[in-house]
Amino acid sequence: MTRLCILLTVILFSVYQTEQAYFLEKDYIDRINTQATTWMAGQNFDPNTTEETIKRLLGSIGVEIAKTIKSSEFKTNDVAYDNLFYRIPSEFDARRNWQQCDTIGKVRDQGNCGSCWALGPSAAFADRLCIATDGNFNELLSLEEITFCCHDCGLGCKGGAPIKAWEYFIKYGLVTGGDYQSGEGCQPYGVAPCPIDEYGNNVFNSQPMERNHNCTKTCYGNQNLNFQEDHKFIRDAYYLTYGAIQKDVFAYGPIEASFEVYDDFLSYKTGVYIKSEFASYLGGHSVKLIGWGEEDGVPYWLLINSWGIAWGDNGLFKIRRGTNECKIEDSTTGGVPVV
């Protein structure tokens, strides 16, 4: 009987260890802070969150696809680059450069759904359309439509390819759509944001993984809009070389960026993120790149995440620039709006 109890205890302990995300615990966060010199870690998630739950948020295969294409397929030149009458600045923040575009600084929440691959491109597309129209278009585009209607992009909440989202915008376009239950635009996002506990932590464990929605061909948000006429389009879709990233952002606006996520990144709070030597790989993630700069001598990219404002630095983070940190400089995508 005693041996049976011991065996059951061992099994239960093993299951617990497998389920719990060890990297969200205080001891692991403290370990990060003893070694990291350019950034600080802190608690962003309920420490009882499972590793499986965290991995489900990482739905981008952008890095993997970028590895398979030829270097000649990356965009390096554009007539708009030639028309830049002054050099690229050493520091740049798209929110300040295009203050008429409210969408640029918007931190969205993908909820318990691996739709980051769709959010990065659709958010950047909305920003670029606002910039191209000098603020005449100034609203969000539908994360709902691209996540659940682009069957060639991937598997909805189970992940997808950002470049395929841009290609979808060329052929089919994208309707407007605000956040969950906002009623804004043609098709608002139908996935609830992650709940926040009393300590300000994301509590993804409190809700099940979102099942894929049916693709809807009508406007259910603002029903005065016509579904077909509300679609916005782009003229091209591309990956960017490292040397073209700043030029493209400076000319057209924010872009999508995919990168490899390691377990220490989940606890990012401030500073310029550099992967810890002991960190373990979890999956691929897609975000929006809005600028660059230098902090305490370390060059960085400025990006907006999609886990709500409770994560990181009010939803934003910085990552080291110029070293292809976590493969981010190999895996940026964009497209130019049709106006």
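Here, every reference points to the structure presented above.
Since the model is a prediction, treat every value here as computed from it, not as a measurement.

Participant: Looking at this structure, I do not really get the overall build of the chain. What am I missing?
Facilitator: For the chain, the helix and strand inventory stands at 10 helices and nine strands. Computed over the C-alpha atoms, the radius of gyration of the chain is 20 Å, within 12% of the 20 Å expected from 2.2 N^0.38 for a compact globule of 339 residues. Principal axes of the C-alpha set define a box for the chain whose edges measure 75 × 50 × 40 Å. With an accessible surface of roughly 15300 Å², the chain has 49% of that area assigned to carbon and sulfur atoms. Here the chain contributes 29 positively and 43 negatively charged side chains, and the mean placements of these two sets differ by 4 Å.

Participant: What exactly am I supposed to notice about the pairing of strand β6 (residues 281-295) here?
Facilitator: Consecutive residues of a regular strand have side chains that alternate between opposite faces of the sheet. For β6, a buried count of 12 out of 15 residues is recorded, marking the element as mostly surrounded by other parts of the structure. Bridging between strand β2 (residues 92-93) and β6 involves two bridges; their strand directions are antiparallel. From the neighbouring strand, aspartate 93 faces β6, where its bridge partner is glycine 291. Note that strand β4 (residues 255-262) and β6 share eight bridges and pair antiparallel. Across the sheet, the residue bridging to serine 258 is serine 286, located in β6.

Participant: Whenever I open this one, the layout of surface pockets confuses me. Can you help?
Facilitator: Over the atoms, a rolled probe matching the size of one water molecule traces out where space is still vacant. In this structure, the largest pocket occupies an estimated 280 Å³ of space. The wall of the largest pocket is formed by 14 residues, among which Cys149, Cys150, Tyr168, Lys171 and Tyr172 lie closest to the centre. Each residue belonging to the lining of the largest pocket can be placed in one class, and the counts come to five nonpolar, three polar and six charged.

Participant: Just checking my understanding: could you explain the state of the cysteines for this structure?
Facilitator: Any covalent bond linking the sulfur atoms of two cysteines counts as a disulfide. Counted by the stated rule, this structure contains five disulfides. Between the sulfur of cysteine 113 and that of cysteine 157 lies a disulfide, 2.1 Å long from S to S. Between cysteine 113 and cysteine 157, the disulfide has an S-S torsion of -100 degrees and is therefore left-handed. With cysteine 113 in the loop between α6 (94-97) and α7 (116-132) and cysteine 157 in the loop between α8 (143-149) and α9 (162-171), this residue pair connects regions lying 44 residues apart in the sequence. Cysteine 113 sits in the buried class, given a relative accessible area of 0%. Disulfide pairing places cysteine 149 opposite cysteine 215 at an S-S distance of 2.1 Å. Residues cysteine 149 and cysteine 215 share a disulfide whose torsion about the S-S bond is about 100 degrees; that sign makes it right-handed.

Participant: Got a minute to help me understand the packing of aromatic side chains in this structure?
Facilitator: The description of an aromatic ring pair uses the distance of the two centres, along with the angle that the planes make with each other. Applying the stated criterion across every chain yields a total of 26 aromatic pairs. Relative to tryptophan 98, the ring of phenylalanine 92 lies with its centre 5.8 Å away and its plane at 80 degrees, an arrangement referred to as edge-to-face. Note on phenylalanine 92: relative accessible area 5%, which makes it buried. Here the aromatic cluster, defined as three or more aromatic residues joined through ring pairs, consists of Trp39, Phe45, Phe259, Phe265, Tyr268, Tyr273, Trp307, Trp311 and Phe317. One cation-aromatic arrangement involves lysine 275 over tyrosine 262; the distance from NZ or CZ to the ring centre is 4.9 Å. Between arginine 321 and the ring centre of tryptophan 301, over which it is positioned, the NZ or CZ distance is 5.7 Å.

Participant: It is not clear to me how the pattern of salt bridges should be interpreted in this structure. Could you clarify?
Facilitator: If the charged atoms of two oppositely charged side chains come close together, the side chains can form a pair. For the structure shown, the criterion picks out 18 salt bridges. With a shortest N-O distance of 3.5 Å, arginine 235 and aspartate 236 are connected by a salt bridge. The partner of arginine 320 in a salt bridge is glutamate 325, and the shortest N-O contact between them spans 2.8 Å. Given a relative accessible area of 26%, arginine 320 falls into the partly exposed group. Classification of glutamate 325 by relative accessible area gives buried; the value is 8%.

Participant: Before we go on, may I ask you to explain the packing of α7 against α9 in this structure?
Facilitator: It is at 8 Å that the axes of α7 and α9 come closest, and there the two elements cross at 45 degrees. In this view, α7 runs oblique relative to α9, as classed from their interaxial angle. The interaxial crossing formed by α7 with α9 has right-handed handedness. Contact residues: Trp117, Pro121, Ser122, Ala124 and Phe125 in α7; Pro162, Ala165, Trp166 and Phe169 in α9. Residue composition of the contact of α7 with α9, by class: eight nonpolar, one polar and no charged.

Participant: Help me understand empty space enclosed by the protein in this model?
Facilitator: Here the structure, examined in full by the defined rule, presents one cavity of 30 Å³ or more. Here the largest cavity is characterised by a volume of approximately 60 Å³. Looking at the largest cavity, the residues that line it are Lys106, Val107, Arg108, Leu119, Gly120, Ala123, Val287, Lys288, Ile304, Asn305 and Ser306. Of all the secondary-structure elements, those providing two or more residues to the lining of the largest cavity are α7 and β6. No other element matches α7, which puts three residues into the lining of the largest cavity. In terms of residue class, the lining of the largest cavity is built from five nonpolar, three polar and three charged.

What counts and how
Along every chain, residues carry numbers that run from 1 in the direction the sequence is written. With pLDDT at 70 or above as the cut-off, local features in this predicted model cover only qualifying residues; side-chain atom pairs require 80 or more to be listed or tallied, and sums for whole chains, interfaces and linings still use all residues. Note that water and hydrogens are dropped before the side-chain values are worked out from all heavy atoms of the structure. Note on conventions: DSSP H or I runs of at least 4 residues are helices, E runs of at least 2 residues are strands, and numbering of each starts at the N terminus. For a compact globule the rule gives 2.2 Å times the number of residues to the power 0.38, and the radius of gyration it is set against comes from C-alpha atoms. Under the convention used here, a 1.4 Å probe and the Shrake-Rupley method define accessible areas, while residue burial counts only the protein chains that appear. The sign given to each residue is positive for Lys and Arg and negative for Asp and Glu; His and the chain ends receive no count. We put the charge of a Lys on NZ, of an Arg on CZ, of an Asp on CG and of a Glu on CD. Accessibility here uses a 1.4 Å probe with only protein chains present; expressed as a share of the type maximum, an area under 20% marks a residue as buried, one over 50% as exposed, and anything in between as partly exposed. Following DSSP output, two strands are said to pair if at least two bridges run between them. In this analysis, the protein atoms alone were mapped onto a 1 Å grid. Cavities are point sets where a 1.4 Å probe fits without being able to get out; pockets are open sets with protein on both sides within 12 Å along at least five of seven lines; lining residues have an atom within 4 Å of a point. Grid points are joined across faces, edges and corners, and a volume is the space filled by probe spheres set on the points. Only Asp, Glu, Lys and Arg are considered charged in this grouping, and only Ala, Val, Leu, Ile, Met, Phe, Trp, Tyr, Cys and Pro are considered nonpolar; every other residue, Gly among them, is considered polar. Cysteine sulfur atoms are paired as a disulfide whenever they fall within 2.5 Å. Put simply, two rings from Phe, Tyr or Trp (the six-membered ring, in Trp's case) pair if the centres are within 6.5 Å, and we call them stacked under 30 degrees between planes, edge-to-face over 60, tilted for the rest. Distance and angle both matter: a charge sits over a ring if NZ of Lys or CZ of Arg is within 6 Å of the ring centre and within 35 degrees of the ring normal. Between Lys or Arg on one side and Asp or Glu on the other, a salt bridge is scored when a side-chain nitrogen of the former is within 4 Å of a carboxyl oxygen of the latter. In this description, a line fitted to the C-alpha atoms serves as the axis of each element, helices being fitted only across the stretch in contact, and the angle between N-to-C directions of two axes falls anywhere from 0 to 180 degrees. Working definition: roughly parallel below 35 degrees, roughly antiparallel above 145 degrees, roughly perpendicular at 65 to 115 degrees, and oblique for all remaining angles. Left-handed is the label given to a crossing in which the near helix is rotated counterclockwise from the far helix by less than a right angle, and right-handed is the label when the rotation is clockwise. Whether two residues are in contact is decided by their heavy atoms, any of which lying within 4.5 Å being enough.

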